[in-house]
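Remarks on the overall topology
The primary structure of each chain is shown beneath.
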Amino acid sequence: ALVLLSIFLVVFFLLFFFFFMFGLVLSWFAVLLLLIALFFCVWFQYHVDAFIYLLYSKDKKWSATADPEELKRKHGNKLTTKSKVVYFIRHGESSWNVTFNRNKLFFLPSLIYAIVKEIVLILSAKDSWFYDAPLCDNGVEQAESVKKFMDENPHNPHVEVIRHKKETLLVCSNLRRCISTALIALEDRLSAFEDSVMIHPALQEITFNPDGLSITPPFQQPQPSWFDKTVESHRMKKLYARNIDPSINSGNKDITSNGIKRLNEFNNWMFEQSPDTVVISGHSLWFKSYFSEFLPRTFTHVSKKKKMKNGALVRLVVEEHTTPLGERFVMIQPDSIQVVHLGFKK
């Protein structure tokens, strides 16, 4: 009986200790979640535009559009056609990806680190980890991988076009991770031709999230982010000052905007430009939506379902067809898509 009583008491105290400690852990965890919630309440007051956009934006919602192949078949040989050779470069990984996408197992510690960093950045540099999220260390390496690929394959026909064809238009999104990716990946060309990357607001990512909002005021020269300033292997301050053209950057996407409006706006602008080759530093969902909208509906391709990899380079030919009544529509030549570097996620 004494043995059974002793066992009972030991088990009882062990269980009591376990539940007491478990309760403490739950209490601390609840406090931690409360502090995180409080931080984002204050943060959204500071970035009220991000809060409004998160609540009311319909950036990913639009009505089904016409199949460009059907439109082409309908009008037959009555169409007037122009074409552009287009290269998509997906930006490197950003600080937002580090926090929310990189490692789900360590999400909470990563989020806490990002919050602490955000507070420091707001107080010291008027910058942000979340808003217009800049490149991270991996992101710089991914942008450099595009440059390295071109360094190692100088006679590749695509590399010759991107690096050495003077009549090539360089354009990027107004978000810093795309700007920095373009400056790093195309650094040699920019130096050789004293060229500039034009910022086009219609290339802004299709998302509700704060990382998809631009920190750069309209028509002003973008500034390197807090992280860009730590990248010693590239002259980021000089590149930002000398090799960016913000003359048509009208600023953040409007609350009434959505993805299809910006896709069409960019197409209209692109086909008004004289160069027949365009290099775009842009975003995964923007590119994915472009393939989905402008490839024939019957054509099956990985680009419609999967994102391009960070630092990937893909070539395509885009046609603009004009009807006798002046109506215009765009179609990607289905057999023109070529993976130049890295390609699409599996």
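Use the structure listed above.
Overview of the structure. Keep in mind it's a predicted model, so treat the numbers as computed, not measured.

1. Some remarks on unusual backbone geometry
- Located in the positive-phi region is D132, a residue other than glycine, with phi close to 50°.
- Mapped onto the elements, D132 comes out in the loop between helix 5 (107–124) and helix 6 (137–152).
- A residue is classified by how much of its surface remains accessible, and D132, at 0% relative accessible area, is buried.
- The phi angle at E194 is positive, at roughly 50°, despite the residue not being glycine.
- Mapped onto the elements, E194 comes out in the loop between helix 9 (187–193) and strand 3 (197–199).

2. Thoughts on the environment of S95
- Relative to the elements of secondary structure, S95 occurs in helix 4 (residues 95–100).
- Residues contacting S95, with those up to four places away along its chain left out, are W129, A133, P134, L135 and C136.

3. Things to note about the packing of aromatic side chains
- Applying the stated criterion to the full structure yields 22 aromatic pairs.
- Ring geometry for F88 versus F287: centroids 4.1 Å apart, planes at 15°, classification stacked. In this pair, F88 sits in strand 1 (residues 80–90) while F287 sits in helix 12 (residues 284–294), placing the two residues 199 residues apart along the sequence. You'll find F88 and F287 in the same group, each marked buried.
- Look at W96 and F100: their rings are 4.4 Å apart centre to centre, the planes differ by 35°, and that puts the pair in the tilted class. With W96 and F100 both in helix 4, this residue pair falls four residues apart, about one helical turn.
- Residue class for W96 comes out buried when judged on its relative accessible area of 12%.

How each quantity is defined
- Residues numbered from 1 in each chain as written.
- Predicted model: local features only at pLDDT ≥ 70, side-chain atom pairs only at ≥ 80, totals over all residues.
- Heavy atoms only, no water.
- Helix = DSSP H or I, 4+ residues; strand = E, 2+ residues; numbered from the N terminus.
- Buried < 20%, exposed > 50% of the residue type's maximum accessible area, 1.4 Å probe, protein only.
- Contact = heavy atoms within 4.5 Å.
- Phe/Tyr/Trp six-rings, centres within 6.5 Å; stacked < 30°, edge-to-face > 60°.

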